[in-house]
Amino acid sequence: MIMKKSIIFLTALSLTVCMFAGCKAAEANGKTESEKHRVIIDTDTGSDDAAALLIAAKSENLDILGVTVLYGNVPLKQSADNAIMTLETGGCSAPVYIGTEKPLFKEREEMISVHGQDGMGDQDLIHPNGKPQEKPAVDYILDTVKENPGEIEIICLGPLTNIAMAVQKDPDTMKKVKRLWIMGTTGFGPGNATPVAEFNVYNDAEAYDTVLRSGVPATIVGLDCQNETSGLSDEDLSKMAKGNEMGRYESKALTKLTQIYRKLGQNTGLPDALAMAAIAWPEYVKETKKCYGTACINNDAAYGQVIFYVEGNVYESMPETGEYNLEVVSKTDDQLFKKKFLKLMTE
Ligand code: RIB
Ligand code: CA
C-alpha cells in the first residue's frame, strides 16, 4: 500500500511540477521559451523600424535578447534614443547596445530624412527613461552568438555595418549565427536611394557585400515587398491614432514618412515592419526564391545595387560560387499583414 501511495504522490508531484513549468511558459503566450526565435534586432530606428520593434515587442514567437543600433535614418545617438523610447512604449525591457556611427570605409552621407529630423515624425515623441548598455554592439553580438552557437537569429533593419564589423572581427563566430532576417535590397524591383539601390544597402554596399559573402544563411525582404495593400492609408492611420498607446505613438511617428508617400500618391510603406512580419508572423511569407547575391561596390552609377542569381536559372555569366544561401521573399500575404498590424495597434 505504501508503495502505491508513493507512486501516486510522485506522479501528482511530477504533474504539478510539469504543469507549473508549462503554466509559466503558457503565461508567456503559449510558446515555450525553447520554441521561440531567440533574436537580436539591429536597427537605424526610423519610423518604420519603430513599427517593426513594436511588432517584435508583442510577438509570442520572438525572445528579444537585445537591440543594437547604428546610423542610417538618423545619426547614432538619435537611433539609440528612438529605439529605447519605442521599446518602452511596447513594454519591452530588452537592452540596447550602441553600434557604429558611420559606414565601413566612407563618411556617412547626409540624405533626405524621410522620417523627419528625429526619425520619428518630429512630433516630440522621444523622451526615453532608459539608457544604452556600456558594451559595444559588435562585442555584444559576438559574445551572444559565441555563447549560443546555432541559436541566435539577427533581424537587420538598417545598413549592415554592425553585422559586417562583427564578420570582419570574428568570421568563425558569425558563421554560428542561425539566420539573418534582412530588410534590404530592392528585391526584384526598383530602388529608393537610386533607381537600382535600396537605402540600407546604398548607405554601405561594402558592408552588404561582406555579409552576403560571409555564407550566413539569410532571408531577405526587399523593397518590392511593400505595396498598396500592406501600406497604411489615411483611414488606417486614423484608426491607429484612436487606438492603444502603441497605435497613437506609431501614427504620430509616421507623420513625415506619410507626407512623402502621399506626394507619390501612395499608402505609407513600412518595409522594416514587413521584414519583422516575415519572422514574427511566418504565414505572411508565401514564397521565397533561393538566390546567390552580390552587391555592386565599384561602379558609381550602380553603387548599392544587389544582383540576385536565382537558383535554377542559367545565366551566360554564372556567379563564382554555388552558395545559394539567400531566401529572397517573392510572394506575401499583404492583407494578413495589415489585419495583424492594425489589430496590434488598436486592441
Ligand atoms: O529602404 C528602406 C529602409 O531604409 C528601411 O529600413 C528604412 O527604415 C530605412 O532604414
Ligand atoms: Ca530601417
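Residues numbered from 1 in each chain as written. Chains lettered and ligands numbered in written order. Predicted model: local features only at pLDDT ≥ 70, side-chain atom pairs only at ≥ 80, totals over all residues. Heavy atoms only, no water.

Draft legend 1. Fine view of the overall build of the chain. Within the chain, the secondary structure is distributed over 13 helices and nine strands. Considering only residue pairs separated by 6 or more positions, the chain has 81% of its internal contacts joining residues 24 or more positions apart. Total accessible area on the chain stands at roughly 15,800 Å², and carbon and sulfur atoms take up 54% of it. (Helix = DSSP H or I, 4+ residues; strand = E, 2+ residues; numbered from the N terminus. Contact = heavy atoms within 4.5 Å. Areas by Shrake-Rupley, 256 points an atom, 1.4 Å probe, with all protein chains shown as cover.)

Draft legend 2. Layout of the coordination of the calcium ion (ligand 2). The coordination sphere of the calcium ion (ligand 2) contains the protein donors Asp44 (OD), Asp49 (OD), Asp49 (OD), Leu157 (O) and Asp272 (OD), at a distance range of 2.2 to 2.6 Å. Its relative accessible area of 0% is what places Asp49 among the buried residues. (Donors = N, O, S within 2.8 Å, 3.2 Å for Na, K, Ca; no water. Buried < 20%, exposed > 50% of the residue type's maximum accessible area, 1.4 Å probe, protein only.)

Draft legend 3. Spatial organisation of the pattern of salt bridges. In this structure the tally under the stated criterion is 14 salt bridges. Residue Asp139 pairs with Lys169 through a salt bridge whose shortest N-O separation is 2.6 Å. A residue pair is termed long-range when its members are at least 10 positions apart, and Asp139 in helix α4 (residues 137-147) and Lys169 in helix α5 (residues 161-169) qualify at 30 residues. On the accessibility criterion, Asp139 (23% relative accessible area) is partly exposed. (Salt bridge = Lys/Arg side-chain N within 4 Å of Asp/Glu carboxyl O.)

Draft legend 4. Representation of the site of ligand 1 within the structure. Close contacts around ligand 1 come from 14 residues, with Asp48, Asp49, Glu198, Asn200 and Asp272 the closest. Within the side chain of Glu198, one N or O atom sits 2.5 Å away from an oxygen atom of ligand 1. Compared with its free state, where it exposes 270 Å², ligand 1 has 96% of that area covered by protein. Judged by the fraction of its atoms near the pocket grid, ligand 1 is located in the largest pocket. Elements with a minimum of two residues in the shell around ligand 1: α2 (47-57), α7 (199-203) and α12 (271-280). (Near = heavy atom within 4 Å. Polar contact = N/O pair within 3.5 Å; in protein donor to acceptor, adjacent residues only side chain to side chain. 1 Å grid on protein atoms, 1.4 Å probe; cavity = no way out; pocket = protein on both sides within 12 Å on 5 of 7 lines; lining within 4 Å. Sits in = over half its atoms within 2 Å of the grid points.)

Draft legend 5. Here's a closer look at the environment of His115. As for its position among the elements, His115 is in the loop between β3 (96-98) and α4. Taking the C-alpha atoms as reference points, His115 and Ala253, separated by 138 residues in sequence, lie 7.9 Å from one another. Apart from the residues within four sequence positions on either side, His115 is in contact with Gly46, Ser47, Asp48, Asn73, Met120, Gly121, Lys256 and Leu257.

Draft legend 6. Structural detail: the sheet that holds strand β5 (residues 179-183). Read across the open sheet, the nine strands follow the order β3-β2-β1-β4-β5-β6-β9-β7-β8; overall the sheet is mixed. Taken across any chain shown, the strands that pair with only one partner, and hence form the sheet edges, are β3 and β8 (306-310). Here the strands of the sheet are splayed against their neighbours by 30° on average, with no regard to which way each runs. Across five bridges, the pairing between strand β1 (residues 37-43) and strand β4 (residues 152-156) is parallel. Directly across from Ile41, in β4, lies its bridge partner Ile155. Most of the contacts of helix α8 (residues 205-213) go to strand β7 (residues 285-295), to which it runs at about 110°, and overall it touches β5, β6 (218-221), β7, β8 and β9 (326-332). (Pairing = 2+ DSSP bridges. Axes fitted to C-alpha atoms, helices over the stretch in contact; angles between N-to-C directions.)

Draft legend 7. Fine view of the nonpolar core. The biggest cluster of nonpolar side chains holds 59 residues, and the ones touching the most others in it are Ile41, Ile55, Val67, Ile155, Met276, Phe337 and Phe341. With eight residues, the single largest contributor to this core is α12. Not counting the four nearest positions on each side in its chain, Val67 is found in contact with Ile41, Thr43, Leu53, Ala83, Leu87, Pro95, Val96 and Tyr97. (Core = buried A, V, L, I, M, F, W, Y, C linked by side-chain atoms within 4.5 Å.)

Draft legend 8. Layout of the environment of Ser79. Within the secondary structure, Ser79 sits in helix α3 (residues 76-89). By relative accessible area, Ser79 is classed as buried at 0%. A sequence separation of 20 residues divides Ser79 from Gly99, and the C-alpha atoms of the two residues are 9.9 Å apart. Not counting chain neighbours up to four residues away, the residues in contact with Ser79 comprise Thr43, Asp44, Thr45, Val69, Leu70 and Val74. Of the polar contacts made by the side chain of Ser79, one reaches the backbone oxygen of Leu70; its length is 3.0 Å.

Draft legend 9. Seen up close, the packing of helix α9 (residues 234-241) against helix α10 (residues 245-253). Interhelical geometry of α9 versus α10 gives an angle of 135° and a closest axis separation of 7 Å. Our classification of the angle between α9 and α10 gives oblique. Touching Leu237, Met240 and Ala241 of α9 are Gly247, Arg248, Glu250 and Ser251, all from α10. Here the residues of the contact of α9 with α10 sort into three nonpolar, two polar and two charged. (Parallel < 35°, antiparallel > 145°, perpendicular 65-115°, else oblique. Nonpolar A, V, L, I, M, F, W, Y, C, P; charged D, E, K, R; others polar.)

Draft legend 10. The arrangement of the layout of surface pockets in detail. Considering only enclosed or pocket space, the largest pocket measures out at about 820 Å³ in volume. The wall of the largest pocket is formed by 36 residues, among which Val114, His115, Asn192, Phe199 and Leu257 lie closest to the centre. Ranked by the residues each element gives to the lining of the largest pocket, the list is headed by helix α11 (residues 255-263), at three residues. Taken together, the residues that form the lining of the largest pocket break down as 16 nonpolar, 11 polar and nine charged. (Points joined across faces, edges and corners; volume = space filled by probe spheres on them.)

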